[in-house]
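Structural description and commentary
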Amino acid sequence: MNANGITAAVGEPRPRVEGRLKVTGSAAYVADLPMPGLVYGWMVTATVSRGRIRDIDATDALAMPGVLGMLDHRNARRLNPDVAHHFGPDRSLPMLQHEVIEYAGRPVALVVAETPEQARAAASALRVTYDAEPHETAFSMNHPAIRPASTLFGPEANIGDLEAELAASTVVVDEVYHTPEENHSAMEPHVATAWWKDGDLYALDSNQAPFSISQVLASLFFMDRERVHIRAEHVGGGFGAKTICGAQLILAAMAAEHFERPVRVALTRQQVFLAIGSRPPTEQRVRIGADADGRLRAVHHHAAFAQSTLAEYIEWCTEQARTLYAAPAIRTELSAVPLDLLPPCTMRGPGATPGSFAYESAIDEVAERLQMDPLQLRLLNQPAVSPVSGRPWSTRRLVTCFEEGARRFGWAQRDPRPRVRREGNLLVGTGVAAAAFVAGSFPATATITAEADGTFSVKIGASDIGTGARTALIAVAADALGVGTERIRLHIGDSDLGANPGAGGSRGTTSCAFAITETAKALREKLGDPARPVTASVDTTPLINWQPAEERNTYSAVFAEVTVDPATGEVRVRRLLGMFAVGRVINALLARSQLIGGMIGGLSMALHEESVRDPLTGRLVTADWAGYHISAHADVPNIEADFVADYEPQDPSGFNGLGEIGNTGTAAAIANAVWHATGTRQRTLPMSLGRVIETVASRDRQEAIGVA
Ligand code: MOS
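Keep in mind that this is a model prediction, so the values were computed, not measured.

**Considerations on the pattern of salt bridges**
Applying the stated rule across the entire model yields 51 salt bridges. Across the pair Arg54 and Asp131 runs a salt bridge whose closest N-O atoms are separated by 2.8 Å. With Arg54 in strand E2 (residues 51-57) and Asp131 in strand E8 (residues 127-132), the pair connects residues that are 77 residues apart, well separated along the chain. The residue Arg613 makes a salt bridge to Glu181 at a minimum N-O spacing of 2.8 Å. Residue Arg613 is found in the loop between helix H13 (588-607) and strand E27 (638-643), and its partner Glu181 is found in the loop between strand E11 (171-179) and strand E12 (191-197); the two are separated by 432 residues along the sequence. Members of the salt-bridge network, linked through shared partners, are Glu18, Lys22, Glu233, Asp464 and Arg470.

**Some thoughts on the sheet that holds strand E14 (residues 228-231)**
Judged by pairing direction, the sheet is mixed, and its 7 strands sit side by side in the order E3-E7-E1-E15-E12-E13-E14 without closing on themselves. The sheet terminates laterally at strand E3 (67-72) and E14, the two strands that pair on one side only. Ignoring which end each strand starts from, the neighbouring axes of this sheet average 20 degrees apart. Summarising the sheet, E12 and strand E15 (residues 263-266) pair through 4 bridges and their orientation is antiparallel. From the neighbouring strand, Ala194 faces E15, where its bridge partner is Val263. Each of strand E1 (39-45), E3 and strand E7 (107-113) is contacted by helix H3 (residues 116-124), which is oriented at about 30 degrees to E1, the strand it contacts most.

**Concerning empty space enclosed by the protein**
Going through the model one piece at a time under the given rule, you end up with 4 cavities of 30 Å³ or more. Looking at the largest cavity, its volume works out to about 280 Å³. Taken together, 26 residues line the largest cavity, and the ones lying closest to its centre are Asp90, Ser92, Ile244, Pro343 and Pro344. Across the lining of the largest cavity, the residue classes break down as 16 nonpolar, 8 polar and 2 charged. Here the second largest cavity is characterised by a volume of approximately 170 Å³. Contributing to the lining of the second largest cavity are 21 residues, with Glu181, Ser278, Leu341, Leu342 and Arg613 lying nearest its centre. Residue classes in the lining of the second largest cavity are distributed as 12 nonpolar, 5 polar and 4 charged.

**Quick word on the layout of surface pockets**
Here the second largest pocket is characterised by a volume of approximately 380 Å³. What lines the second largest pocket is a set of 21 residues, and nearest its centre among them are Phe139, Pro180, Glu181, Pro281 and Ser611. Of all the secondary structure elements, the ones that give two or more residues to the lining of the second largest pocket are E11 and strand E16 (282-290). The class makeup of the residues in the lining of the second largest pocket is 9 nonpolar, 7 polar and 5 charged.

**Concerning helix H15 (residues 666-678)**
The end-to-end C-alpha separation of H15 is 18 Å, in line with the 18 Å expected for 13 residues at 1.5 Å each. Trailing H15 by a residue or two, Gly679 shows a phi angle of about 80 degrees, which is positive.

**Observations concerning the pairing of strand E20 (residues 426-438)**
Working note: regular strand, side chains alternate between the two faces of the sheet. Judged by how many residues are buried, E20 sits mostly within the fold: 11 of 13 residues are covered. Alignment of strand E19 (residues 422-423) against E20, held across 2 bridges, turns out to be antiparallel. Within E20, the position partnered with Arg422 by the bridge is Leu427. Hairpin connection from E19 to E20: 2 residues lie between these consecutive antiparallel strands, with Gly424 at a positive phi of about 60 degrees. Where E20 and strand E25 (residues 553-565) come together, 12 bridges link them in antiparallel fashion. Pairing of Ala433 across the sheet is with Val558, part of E25.

**A few points about the sheet that holds E8**
Spatial ordering of the open sheet is given by E6-E2-E8, a layout of 3 strands whose pairing is antiparallel. Of all strands in the sheet, those with a lone pairing partner are strand E6 (100-101) and E8, marking the two edges.

**Regarding the state of the cysteines**
Inspection of the entire model under this criterion finds 0 disulfides. The thiol of Cys317 is not disulfide-bonded; the next cysteine sulfur, from Cys345, is found 15 Å away. On the accessibility criterion, Cys317 (0% relative accessible area) is buried.

**Topic: the packing of aromatic side chains**
Within the structure shown, the criterion is met by 13 aromatic pairs. With centroids separated by 6.5 Å and ring planes inclined at 40 degrees, the aromatic side chains of Phe409 and Trp411 adopt a geometry described as tilted. In this structure, Phe409 and Trp411 share a single accessibility class: buried. Aromatic ring contacts, followed pair by pair, group Phe87, Phe153, Phe305, Tyr313 and Trp316 into a single cluster. Cation over ring: Arg575 sits above Phe409, and NZ or CZ is 4.2 Å from the ring centre.

**Some thoughts on H3**
The complete set of buried residues in H3 reads Ala119, Ala122 and Ala123. Viewed along the axis of H3, the buried residues span an arc of 100 degrees, placing them on a single side of the element. Along H3, the residues that are exposed and aim more than 90 degrees away from the buried face are Glu117 and Ser124. Among the structural elements, E1, helix H2 (59-62), E3 and E7 are those in contact with the buried residues of H3.

**Description of the pairing of strand E18 (residues 329-339)**
Burial analysis of E18 places 8 of its 11 residues in the buried class, the great majority of the element. Inspection of the sheet shows strand E9 (residues 147-148) paired to E18 by 2 bridges, in the antiparallel sense. Within the sheet, the bridge partner assigned to Arg147 lies in E18 and is Ala336. In terms of strand pairing, strand E10 (residues 158-159) meets E18 through 2 bridges, oriented antiparallel. Looking at the pairing, Asn158 lines up with Arg331 of E18.

**Digging into the environment of Arg417**
Within the element layout of this structure, Arg417 appears in the loop between helix H10 (398-409) and E19. Considering only alpha carbons, one finds Arg417 and Asp373, 44 residues apart in sequence, at a separation of 9.4 Å.

**Observations concerning unusual backbone geometry**
Of the consecutive residues Leu685 and Pro686, the connecting peptide bond is found in the cis state with omega at -5 degrees. Within the fold, Pro686 resides in the loop between H15 and helix H16 (689-704). For Leu96, which is not glycine, the phi torsion reads 60 degrees and is therefore positive. Position of Leu96 among the secondary structure elements: in the loop between strand E5 (88-89) and E6. We note that Glu260 has phi near 55 degrees; this positive angle belongs to a residue other than glycine. Along the polypeptide, Glu260 turns up in the loop between helix H6 (247-259) and E15.

Scoring rules and cut-offs
- Residues numbered from 1 in each chain as written.
- Predicted model: local features only at pLDDT ≥ 70, side-chain atom pairs only at ≥ 80, totals over all residues.
- Heavy atoms only, no water.
- Salt bridge = Lys/Arg side-chain N within 4 Å of Asp/Glu carboxyl O.
- Helix = DSSP H or I, 4+ residues; strand = E, 2+ residues; numbered from the N terminus.
- Pairing = 2+ DSSP bridges.
- Axes fitted to C-alpha atoms, helices over the stretch in contact; angles between N-to-C directions.
- Contact = heavy atoms within 4.5 Å.
- 1 Å grid on protein atoms, 1.4 Å probe; cavity = no way out; pocket = protein on both sides within 12 Å on 5 of 7 lines; lining within 4 Å.
- Points joined across faces, edges and corners; volume = space filled by probe spheres on them.
- Nonpolar A, V, L, I, M, F, W, Y, C, P; charged D, E, K, R; others polar.
- Expected span 1.5 Å × (residues − 1).
- Buried < 20%, exposed > 50% of the residue type's maximum accessible area, 1.4 Å probe, protein only.
- Disulfide = S-S within 2.5 Å.
- Phe/Tyr/Trp six-rings, centres within 6.5 Å; stacked < 30°, edge-to-face > 60°.
- Lys NZ or Arg CZ within 6 Å of the ring centre and 35° of its normal.
- Arc of directions from axis to C-beta.

What follows is the structure, encoded as structure tokens:
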């Protein structure tokens, strides 16, 4: 309770403010909003992975009912060829500019008609022919085009004498791990409605960063950013797929200008697979050396990922190796293999998640070879300071996560030997993995007006992609202003509300909470006559400390119990427990829901998700939910997520973001549990029936006939 007798809202587990709208179906998502004069664009995508468009014959299509016309490279307006995105110039963004095809799924035309059905029918009547050229879409670490990845996130680690420490080690694990290409599956597919008025461009777009997307779109159209207005009120999931200026938005804006009508482009589920970037496949070699007592001497993590020839991208897999454990020698390397693919896209803990699978599996393998408890090995190697930079930790409650998790999970009762626990036909095992995720705040601008009626209008270009950010920021604003939440009028999801990083990098809510807190402070200093509205606005750019003395991360310890059917190779996760250290928790109800969602994403990655490309065509053969499996309700066990007491000293309110840490360690924990159940290490994701049966069941059969 504060001085005014108001109970603090931060720390209260309140349901999300728009929950009722959502469950009653009255929350308006982009495709729900009516618009006078609206017409519909249907995207047509390239079917070759490399080549040229020979011809697009639209004779039949243009004669079909309701068709207004078609945009392709012959009549589309010129876009800025030098537009840049998160990682630098991105030549996939200018669309319909030339006949060259650089990847299968490249948009080649947009058919526009009065109804979506008419547009779709006409699009299917287009006759597009190509001159195909040889393509390269097969990823491997041994690909000759492999090169060092961008170091935009800083140099890779290189401390100590790696080879000498490996040579002096009692045990050395040297293994290669694979994770597949994975595709985005947000509940709401990408959709945009765009229109032009008096030279300004307006769009409703399902995205997770209206402000930064307005910057990219303005650059594409050679416009001032202030003349591009993007709104995203309710968004049905993002997971990284909507941090980008998507094909739906670029094409809708082009068509709205060309046809002088508002245009909606809604991607089908299949089109999301083809035209929205995927998490790239990775191949990772991990070498770890340790003494007989379990002390690590050497860590070498070399991760390679698939890249596009059109843009830089970073799948930063090497974060865990530089953060989780101490060792006198640590080297990380990150490599990219440019291929004829759409540029990859951030996805659910980019880099950290596939990186964690490889690294935390390898750590488990060290424990296995030492016949040591894997939790004990992890506790033994906790670093007092950051092992690579030597900087102190900001807050690091990982040991508490381990200890509290172990207690709740019943780890002490675990028989460390693999393949000894059986229930009927099933093998049962448990495993653990840790994760760290880099935390911080990005610059953001907030504006707060103390209205004459006693309410406060809080304007910030935040995104709520289903996380509950709206509800969390109302609580933050109320506490910062010392008033009840009923007096806060929060406006978000609009590029006109000021510079904002959007919901990404686990920093949306911390960045916006920081800006709101500082703005509230400024406003309280200004308040005078209560009958007159007063406004304050703060841009946190100068307040962000880009080089803090302490290293700032969130942490998790994830525990998993699995069963494996040796006859079918079927792995079922029976139990997941995640203990998290994420700073001060704003709203435990929403935070727990988000972390459980992240853990389900990790379960999905561990057991199901795999995009498959046909090597002959380079095309995805799994471009829908029949071919691409994600966890369904029946796959999800009782999952617990909870927090240890924590406070982030670098944040004015003690917060850290938790958007991605739920995802990060889960796949490794499950893989380690599968090893414990079966005695067989799964180094390739997903641990599908086919993969597991080849190793586990063949061993069982060998045992049965006495050859094992
Ligand atoms: Mo995220 S994968 O930073 O939206």
